[in-house]
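A look at the structure
As a plain string of letters, each chain reads:
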Amino acid sequence: MSSIQSLFSENGYYLAKGVYDSSQLPGMQDDFDRIVQQLLASKENINARWGSQLTRELEDTDSVVYHTHNVQCYSAIWLQALLNPDFLDVAEEILGSDVVLHHTKLFQKPPNQGAAFPIHQDWQYFPTLQDTMIAGMIHLTEATDHMGCIRVYPGSHHLGPQPGTMGSGENKALAQKYPLEEATVIEAEAGDVIFFHYFTVHGSMPNRSNQTRKTVLVQLHSGEDQVEEGNSHINAKLVLRGWNHQASRTSVSTVSYTHLRAHETRHDLVCRLLLEK
């Protein structure tokens, strides 16, 4: 077992330093900003703050976190970033030689009002049959505790799947046992990536600094694994390295829209109805 595998297996997370360097970061940062500007111009609701009762004492009622899925659908530079050998080398150490992209998420926490994320696990959003799902959080800026960087409970992935852990408030017992304020702070620099298992208990405090925190979260699983049947979360099913052993003609032709409908515009509705005919 490699040192990365060993640390990830023990702690449920691994901080990879300097995965993206000064030759790559400027283009990634520019396109991140371009995506945000395009989102703001769209007039859609792009504020993904949870507004959980678990964090209402920690953040203001007007807190904000700008968000979209699948940055690779906006930018070729970001598609290339997902294929970065240094990024995939770490993912392969954790998942094995077959690495499949489930989705990506952009998060921008604005200065002084960036939203908090309550203590939670990720597994309920997209459970897989073999529980290989991990996240790789790519940092485009520095992320300090004052900026609302991620916090984790090392080793908490050994708890396995805990019910009611989406963070909206029904998991009070988990939050009481693992308070956000006492979680381990994982600060990072631009170009660093923190990988963590979807059972790892984590969250983040609000951004109280005068700097913007920018991250892209990349959700990955083994090519030997697959999301449980019937799950409606966005699923790119894109092989980044190796092979997807679970792919079939039917599975790769299936596109899920259920997760999008709460936020779809009239244009989106027309497109979906045409595609579903």
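The sections below set out a description of the structure shown in this document. (Residues numbered from 1 in each chain as written. Predicted model: local features only at pLDDT ≥ 70, side-chain atom pairs only at ≥ 80, totals over all residues. Heavy atoms only, no water.)

1. Some details on the sheet that holds strand 6 (residues 150-152)
Rules: Strands pair, by our definition, only if DSSP identifies at least two bridges between them. We count a stretch as a helix when DSSP gives it H or I for four or more residues in a row; a strand needs E for two or more, and each element gets its number in order from the N terminus.
Across the sheet, which stays open at both edges, the 4 strands sit in the order 4-9-6-7 with antiparallel pairing between neighbours. Of all the strands in the sheet, the pair left with one neighbour each is strand 4 (117-120) and strand 7 (184-185).

2. A word on the pattern of salt bridges
Put simply, the rule reads: By definition, a salt bridge exists where a carboxyl oxygen of Asp or Glu is found within 4 Å of a side-chain nitrogen of Lys or Arg. Relative accessible area decides the class of each residue, using a 1.4 Å probe on protein chains only: under 20% of the type maximum gives buried, over 50% gives exposed, and in between gives partly exposed.
In this structure the tally under the stated criterion is 7 salt bridges. Among the ionic pairs, Lys-17 bridges to Glu-189, the shortest N-O distance being 3.3 Å. One end of the pair, Lys-17, is in the loop between strand 1 (13-16) and helix 2 (25-42); the other, Glu-189, is in the loop between strand 7 and strand 8 (193-197), with 172 residues separating them in the sequence. The shortest N-O distance in the salt bridge between Glu-92 and Arg-241 comes to 2.7 Å. Here Glu-92, found in helix 4 (residues 85-95), pairs with Arg-241, found in strand 11 (residues 238-241); they are 149 residues apart in sequence, far enough to count as distant. Residue Arg-241 is classed as partly exposed on the basis of its relative accessible area, which comes to 21%. Through salt bridges with shared partners, one network takes in Lys-17, Glu-189 and Asp-192.

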